[in-house]
Every structure is written in structure tokens, then in C-alpha cells.
Amino acid sequence: MALVAGFWGMVGGSALLLGAGIAYLVQLPQRLIAAIMAIGSGVLISAVAFDLMDEAYKRGGFDSTALGFVGGALAYTLANVAVSRAGARHRKRSGSNPDRSQPSADSGSGLAIAIGALLDGIPESVVIGVSLLEGGGVSLVTVAAVFLSNVPEGLSSAAGMKRAGHGPGYIFGVWGGIAVLSGLAALVGNVTLADATPDVIAATTAIAAGAILAMLVDTMIPEATEETHEFSGLITVAGFLLAFILSKMGG
């Protein structure tokens, strides 16, 4: 089961490679990328509400869930402030506007982008691993949400790296490595929490939920709203509804 968790974690992380490949070959309209971000935001909000928080509450009650949720958001925010100041503030932007693109020309910013991607992806990957603990199937809603949130990040950062003069070996090496680490995070989460108490699993799930929701508000939703304007709410609702339907069909 741990290997299955690792596989699905890599599937979610592979979207970074997909985004990098697209950015290296073509330049997509920024509005299209923002629309993908809006859909991904809706899917992630649904996953947080119905797949993560609800499951955490069922396992550990309100205390473990609330503490984990607030703790995850706080930990993400503090870490995000650090990597943003190091040069990864707009790591999920589509990057088609050079004035707002990721400043990836120097090594410090490149490292910050990579750390930022791990910061975004580790909670998501751990959740994928935890979802397999009871021997059931993986949450397709969570995997889809992780995948959709990673595509714009790969697009943005790879475009910036290409403009900075980095070759395909560097670009795909960075994002391929992070995709592998996403799989390892899911595997480690599954193995580490296999014998954990319900309260610990609940708190861990809620920590990931809090971190994901904080990431959404800090990075994905502002970009989606800025580029899709008055349509961003409608697109996000469509993503939420799709994830809600999938969660109920899977249940």
C-alpha cells in the first residue's frame, strides 16, 4: 500500500513536469492558465471541506481537527513568508507577463522556487498517503486537485527558467526531482502513520487541510481572479461542483 501511495503522490507531482514541458514548447494564453487555476481552486476547496476536514473530524473530533487546521495554516504562512522573501512569491503565476514573471535568473530565486514547490506539494502528498491507510482506494478528488494546482506552478517557473537561459536538462531535472519527492512524501506519510492513533491521523489530515487552504488564498485564487476577472467565481464553482460530485460517487 505504501508503494501505491508513492505512485499516486508522483502522479500529482508529475503535473509539474507537464507544466514545465508545455512552457518549454509553447506559450499558452495567460487567461487559459488562470482558468485552470480557478478550476483547481474549486476542486481543492471541495477536497479540503469534504475529503479532509470531514474525515479528520470523524477520526479525532473537533479538538484535534481544529488544532491541526490552524497549526497547518500557521506553519504554511510562516514558511511561505520566508520563501516569498527569497524570491518565490509568484511561483504559481502563469508568467506570461515578463514584468510579473518569476525572478529565476539567480540561483537564490531558483532554490526558493524549488523550496516553495515542495512547501505547496508536501501537505498534498501526505494527504494522498493518509487516504490509503484503511485499505480503500485513493481519493481521486484529492489527486485531481493536486494535479490541477501543480500545472500552473510548472508553467510559471519553467517559463522563467527558460528566459533566464537554463537548458532543458536543468529545468526538467528540477521539476522531475520535485515530482519524485512528492511521491516519497506520500509514501512516507503512509508508512509513518500506519500505526498512528486516530487523533494523530486527524491532526495530520487537518494540518494538511489548513496548509492547502492558506496556499489557495495566498497564491492560486489571486492569480485566477486577476486574469479571469468576473468569471473566476463561476469557474471556481464549476471546479467545486465537479469535485463534490466525484466525492459522492466515490463514497
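Under an unreviewed UniProt entry, the name given to the protein is ZIP family zinc transporter, and the source organism is Novosphingobium chloroacetimidivorans.

The next thing to look at is the overall build of the protein. Across its full length, the protein holds 7 helices and 0 strands. Each helix and strand of the protein, placed in order from N terminus to C terminus, yields the pattern α-α-α-α-α-α-α. The burial tally for the protein puts 48% of its 251 residues in the buried class. When contacts within the protein are restricted to residue pairs at least 6 apart in sequence, long-range pairs at least 24 apart make up 84% of them. As displayed, the protein offers around 10900 Å² of accessible surface, 71% of which is attributable to carbon and sulfur atoms.

Next up on the list: the packing of aromatic side chains. Within this structure, the stated rule accounts for 4 aromatic pairs. An aromatic cluster of at least three residues, connected via ring pairs, comprises Phe50, Phe240 and Phe244.

Below, the discussion takes up the pattern of salt bridges. Evaluated as defined, the whole model comprises 2 salt bridges. Residue Lys58 pairs with Asp54 through a salt bridge whose shortest N-O separation is 3.3 Å. Here Asp54 and Lys58 lie together in helix H2 (residues 30–88), a separation of 4 residues that amounts to about one turn. Residue class for Lys58 comes out exposed when judged on its relative accessible area of 62%. Residue classification places Asp54 among the partly exposed residues on the basis of a relative accessible area of 32%.

Right, let's get into the UniProt feature "transmembrane region" (unreviewed entry) in the protein. UniProt tags residues 6–25, 32–53, 65–83, 128–148, 169–188, 200–219 and 231–250 as "transmembrane region" (unreviewed entry). The span residues 32–53 is 100% helical and 0% strand by assignment, and the distance between its end C-alpha atoms comes to 30 Å. Note that residues 65–83 is 100% helix and 0% strand, and that its end C-alpha atoms are spaced 27 Å apart.

As a further point, take the environment of Met215. Relative to the assigned elements, Met215 resides in helix H6 (residues 198–228). Classification of Met215 by relative accessible area gives buried; the value is 1%. A sequence separation of 95 residues divides Met215 from Asp120, and the C-alpha atoms of the two residues are 6.9 Å apart.

Another aspect to go through is the nonpolar core. Of all hydrophobic cores here, the largest spans 23 residues; its most connected members are Leu44, Leu52, Tyr76 and Met220. At the level of secondary structure, the elements contributing two or more residues to this core comprise H2, helix H3 (107–130), helix H4 (140–163) and H6. Contacts of Leu44, omitting those with residues within four sequence positions, involve Glu124, Ala145, Val146, Ser149, Ile212, Met215, Leu216 and Met220. In terms of nonpolar packing, the next biggest core, distinct from the first, is built from 12 residues, Leu16, Leu155, Met161 and Ile178 among them.

Moving on, we come to the environment of Tyr24. In this structure, Tyr24 sits in helix H1 (residues 2–25). Judged by relative accessible area, which is 25%, Tyr24 ranks as partly exposed. Considered as a pair, Tyr24 and Phe172 are 148 residues apart in the sequence and their alpha carbons are 9.7 Å apart. Discounting chain neighbours no more than four positions away, the residues touching Tyr24 are Lys162, Pro168, Ile171 and Phe172.

At their nearest, the axes of H1 and helix H5 (residues 168–192) sit 7 Å apart, and the two run at 160° to each other. By the angle between their axes, H1 is roughly antiparallel relative to H5. Relative to H5, H1 is oriented so that their crossing is right-handed. Considered class by class, the residues forming the contact of H1 with H5 number 18 nonpolar, 9 polar and no charged.

Cut-offs and rules
Residues numbered from 1 in each chain as written. Predicted model: local features only at pLDDT ≥ 70, side-chain atom pairs only at ≥ 80, totals over all residues. Heavy atoms only, no water. Helix = DSSP H or I, 4+ residues; strand = E, 2+ residues; numbered from the N terminus. Buried < 20%, exposed > 50% of the residue type's maximum accessible area, 1.4 Å probe, protein only. Contact = heavy atoms within 4.5 Å. Areas by Shrake-Rupley, 256 points an atom, 1.4 Å probe, with all protein chains shown as cover. Phe/Tyr/Trp six-rings, centres within 6.5 Å; stacked < 30°, edge-to-face > 60°. Salt bridge = Lys/Arg side-chain N within 4 Å of Asp/Glu carboxyl O. UniProt positions renumbered as here; feature names shortened; annotations may be inferred. Core = buried A, V, L, I, M, F, W, Y, C linked by side-chain atoms within 4.5 Å. Axes fitted to C-alpha atoms, helices over the stretch in contact; angles between N-to-C directions. Parallel < 35°, antiparallel > 145°, perpendicular 65-115°, else oblique. Left-handed = near helix turned anticlockwise from the far one by under 90°. Nonpolar A, V, L, I, M, F, W, Y, C, P; charged D, E, K, R; others polar.

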